[in-house]
Amino acid sequence: MHRLLQLLGCILLLWCTALQVFSQSGRDFKADSLRSLAINASDAATASDHWLSLSKHYRKTNLDSSQAVLNRAIVAAKTSGDGDRQQRCNMSQAALKWMQGDLHSAERGYLQAISYWKAKNDTVEVTRCLLNLGTVNQTAFKNEEAAKYLKTALRLALQADQKLIAAQAAGSIATVSFQMNAPDSVGKFSEIAKQGFIALDDSANLTRVHANLGFYYKELGMSYEARQPYLQALEYLKGSDESGLRGEIHDGYGGLEYNLGNFEEAIKHYLIAGECFQKLKWYKKIASNNNTIGLCFRTLGRDMAAQAYFLEAYLLADSIQNYSVASAALSNLAGIDRDAGKHSLAIAKYRKAVRLDLLAPNPADLFGKYMGLGLCHDALGSSDSADHYLHLALADARHQNNINQIAECHLQTAKRKIATQAHAMALIALDSSQHWYLQTRDPKGMQQVYMLRSQCQEAMGDYLAALCSQRTASAWQDSVLSLSSNTQLLTLEAKFWSEKKQHALELAKQNEALQAMEAERSKEATARLAAQRNLLFTALALTLFFSAVVYWINGKRRKTQLHRKLAEIRMTALRAQMNPHFIFNALGSVQLLINTSAIREANVYLSKFAQLLRITMERSESEGSTLEDEIDALKLYIDLEALRFKFQYSIVVDEAIQIDKIQFPTLLLQPIVENAVKHGLAPKASGGYLKLGFVVVGKELLCTVEDNGVGRGNARKQAQGEAGTRKSFGLKIARERLQLMHRSSENPLKIVDLADVDGKSTGTLVEIRLPIIHL
């Protein structure tokens, strides 16, 4: 036994050494160094500086970590009593708020900083704040205010010989000038910014300048001119660790390839951009990115892949209340259903998309949704409804002054009149459509107009006029074919440039590989370390082999069974606590109804409670049931609570989930739902809403419980003011069960306090991640 203990001690020592050697490659040494300096700082001022530097370092990769570290910097700065240091922390806080999309807080922070630095007569800091304030207003599309701040920043920077700030201000002025439709200013200030960054050898800002030039050319319709700036931006981007900048550039380049018809290439860049946005948790951009990828797949005829991305974009945008993207994604899903002949499903999605659009600050593409509703109702034979939605589509097209959409409305009206043999009225509608198509010289539209006109005239017996219309349609068809040929030529040219770029990238990769091989040969220390690692790995493998034999001889199987039995006993004990906890709370609810003389509600409550109790008792001895059974039990429980507290609820399940084929822990969500109802919705006077969601994320099942109640902070205040408040054990038991099931350091249960832009509580969101286990 003594020898066995010695052997195990040796193994532990070898493992520790191996972990120290092999973990070096995945560590962030700069972050570790800054953290160590901050923790071991001799005074609060030095600690604040190190925490602030660490926050800026994290800002490139993880905004949550950046915010957490910045909070420590702010506390240390306040402790130091240094006003300048506190103000720099507040400026960093404003920059972080801008990156998180909280533009109001960012603007307020920079305005306070400007007042402070003006009082201190610090021109450099004032200039830096003006530059950032202009960027914030530019993001909020306040172009005139942004231009004012940025031009002031440029003037002050030139006076103070601050070359970096001057170049940054010039680049931002170029962006604002483009938004204000001033192309001459765009070229002028872009060149100033470009020359400034070249003089400073600033590759990061040169990347931004070229990316902006690519974006300008793309928006002006100069797609081929936009390609070169984007390629230069990607070249400058090599070696950069700024995930946000990388994502923005790949997203813009993906849009360029989309405009050129290279949808496969566009998808590649959109996927890279999505990975970058995911690291920073930029959920609005992720939702928009997924919707655009879906459009690419839809254009390529891959409706299954498109549907998956549209659904993901809709669910994410809806969860963060980005109604414009949610509406667009849902409308695209409806289009897939309509093309598949599922008109009833498409109508439901189109209607919900319209409702979401009306919730958005700037409703977009109502025309497409109204037109889709009209075509679906027409296919189902609902003539009145079809006319109603076509009129709405026409009204929206006129409101937007979109000539092509107005012409399309009249064309669809003509088709419906032809279908009902009302040829005279169809000719009137075709006259209107022809009038609008002629303004844009749309050859395809004009061809359709004359084809339908010929059909009407032939049906009315005017054969000579029908022949003339047919010949005119043929002439317009020749124009369509010519345009199609030009488009094919442009597509081939785009493919040529794409292949050329790919070849250049492959050569660059080969060059990098050769350089890496040469560097590897020249580093003797690295070679020695590699040899030591190989030797250590071999010794460790041999040691583990012999230790496994010894461990097996001394009863490995017996100890394994003992540990498994202990885990089962702990899980059984937790379930045993769960059942009486749930039954006690339910009986308390019945008692309250009887005491308030709500006899009818008490009878309904007891009936549902009996069903729920039977389900609970039947599953009390089993660790898991199906997701379908768990949802049925939750519906019964929520119905019981809704009788008391008068709230609404919904349960949303991802269409990809087969609820009868997935194993789910018994009564896991019940205590969480109970907390949401009793501590969130019950104190609320009216308008309570509870939402349960089940979505597949990777190889895990994401379960969400969201309420619009008073929030955890208000619930705690109310609980402190009530005498004899009993402590709830339901959430504690659920958390322990999840920890036993996961066996990992990652927290499987996450609670998020929801709030509006003013910081006022709007409810609570609980997220649970479970490994998917199929029956």
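Just so we're clear, the structure is a prediction, and the values are computed from it rather than from any experiment.

A. Summary view of the sheet that holds strand S7 (residues 761-771). Reading across from one edge, S2-S4-S5-S7-S6 is the order of the five strands in this open sheet, with mixed pairing throughout. Looking at which strands have only one partner, the edges of the open sheet turn out to be strand S2 (648-653) and strand S6 (749-755). The sheet shows a mean angle of 15° between the axes of neighbouring strands, taken without regard to direction. Each of S2, strand S4 (689-697) and strand S5 (700-707) touches helix H28 (residues 627-645); the most contacted strand, S2, lies at about 175° to it.

B. Summary view of the environment of Gly-81. Positionally, Gly-81 belongs in the loop between helix H4 (63-80) and helix H5 (83-99). Classification of Gly-81 by relative accessible area gives exposed; the value is 55%. The sequence separation of Gly-81 and Ala-44 amounts to 37 residues, and the corresponding C-alpha distance is 9.0 Å.

C. Structural view of the confidence of the model for the chain. On average, residues of the chain score 78 in pLDDT, and 81% of them are at 70 or above. A low-confidence stretch, residues 485-490 (pLDDT under 50), is modelled with one contact involving residues beyond four sequence positions or located in other chains.

D. Geometry of the pairing of S5. Where S4 lies against S5, eight bridges are found, and the strand directions are antiparallel. Each bridged residue has a counterpart across the sheet, and for Gly-693 the counterpart in S5 is Thr-704. Turn length for the S4-S5 hairpin, with the two strands adjacent in sequence and antiparallel, is two residues, and the turn residue Gly-698 shows positive phi of about 65°. In this structure, S5 lies alongside S7, joined through eight bridges in antiparallel fashion. Each bridged residue has a counterpart across the sheet, and for Glu-706 the counterpart in S7 is Leu-765.

E. Inspection of the side chain of Arg-416 at higher detail. Tracing the backbone through its elements, the reader meets Arg-416 in helix H21 (residues 403-419). At 3.2 Å, the side chain of Arg-416 and the side chain of Ser-383 are in polar contact.

F. Fine view of the pattern of salt bridges. Following the criterion strictly, the structure yields 20 salt bridges and no others. Residues Asp-303 and Arg-298 are paired through a salt bridge, measuring 3.4 Å at the closest nitrogen-oxygen approach. A relative accessible area of 27% places Asp-303 in the partly exposed class. Two residues, Asp-387 and Arg-416, come together in a salt bridge whose shortest N-O distance is 2.2 Å.

G. Representation of the packing of aromatic side chains in the model. Per the stated rule, a full pass over the model turns up six aromatic pairs. Ring geometry for Phe-277 against Trp-282: centres 5.9 Å apart, planes inclined by 25°, an arrangement best described as stacked. Each member of the pair, Phe-277 as well as Trp-282, is classed as buried. Note on Phe-664 and Phe-694: the rings are 6.5 Å apart at their centroids and 75° apart in plane angle, and the pair reads as edge-to-face. Placement of the pair is Phe-664 in strand S3 (residues 663-665) and Phe-694 in strand S4, with a sequence separation of 30 residues. For the residue pair Phe-664 and Phe-694, the accessibility class agrees, reading buried in each case.

H. Just unusual backbone geometry, in detail. With a phi close to 55°, Asn-401 is a non-glycine residue in the positive phi region. With respect to the helices and strands, the residue Asn-401 is situated in the loop between helix H20 (383-400) and H21. Judged by its relative accessible area of 60%, Asn-401 is exposed. Phi angles above zero are rare outside glycine, and Gln-421 is one such case at about 65°. Relative to the helices and strands, Gln-421 is located in the loop between H21 and helix H22 (423-440). Exposure remark for Gln-421: the relative accessible area of 59% places this residue in the exposed category.

I. Local environment of the packing of H21 against H22. Their axes nearest at 8 Å, the elements H21 and H22 cross at an angle of 160°. Between H21 and H22, the crossing angle belongs to the class labelled roughly antiparallel. Handedness of the crossing formed by H21 with H22: left-handed. The residues of H22 that touch H21, namely those facing Ile-403, Asn-404, Ile-406, Ala-407, Glu-408, His-410, Leu-411, Thr-413, Ala-414, Lys-417 and Ile-418, are His-423, Met-425, Ala-426, Ala-429, Leu-430, Ser-432, Ser-433, Trp-436, Tyr-437, Gln-439 and Thr-440. In terms of residue class, the contact of H21 with H22 is made up of 12 nonpolar, eight polar and two charged.

About the thresholds
- Residues numbered from 1 in each chain as written.
- Predicted model: local features only at pLDDT ≥ 70, side-chain atom pairs only at ≥ 80, totals over all residues.
- Heavy atoms only, no water.
- Pairing = 2+ DSSP bridges.
- Helix = DSSP H or I, 4+ residues; strand = E, 2+ residues; numbered from the N terminus.
- Axes fitted to C-alpha atoms, helices over the stretch in contact; angles between N-to-C directions.
- Contact = heavy atoms within 4.5 Å.
- Buried < 20%, exposed > 50% of the residue type's maximum accessible area, 1.4 Å probe, protein only.
- pLDDT = per-residue confidence, 0-100.
- Polar contact = N/O pair within 3.5 Å; in protein donor to acceptor, adjacent residues only side chain to side chain.
- Salt bridge = Lys/Arg side-chain N within 4 Å of Asp/Glu carboxyl O.
- Phe/Tyr/Trp six-rings, centres within 6.5 Å; stacked < 30°, edge-to-face > 60°.
- Parallel < 35°, antiparallel > 145°, perpendicular 65-115°, else oblique.
- Left-handed = near helix turned anticlockwise from the far one by under 90°.
- Nonpolar A, V, L, I, M, F, W, Y, C, P; charged D, E, K, R; others polar.

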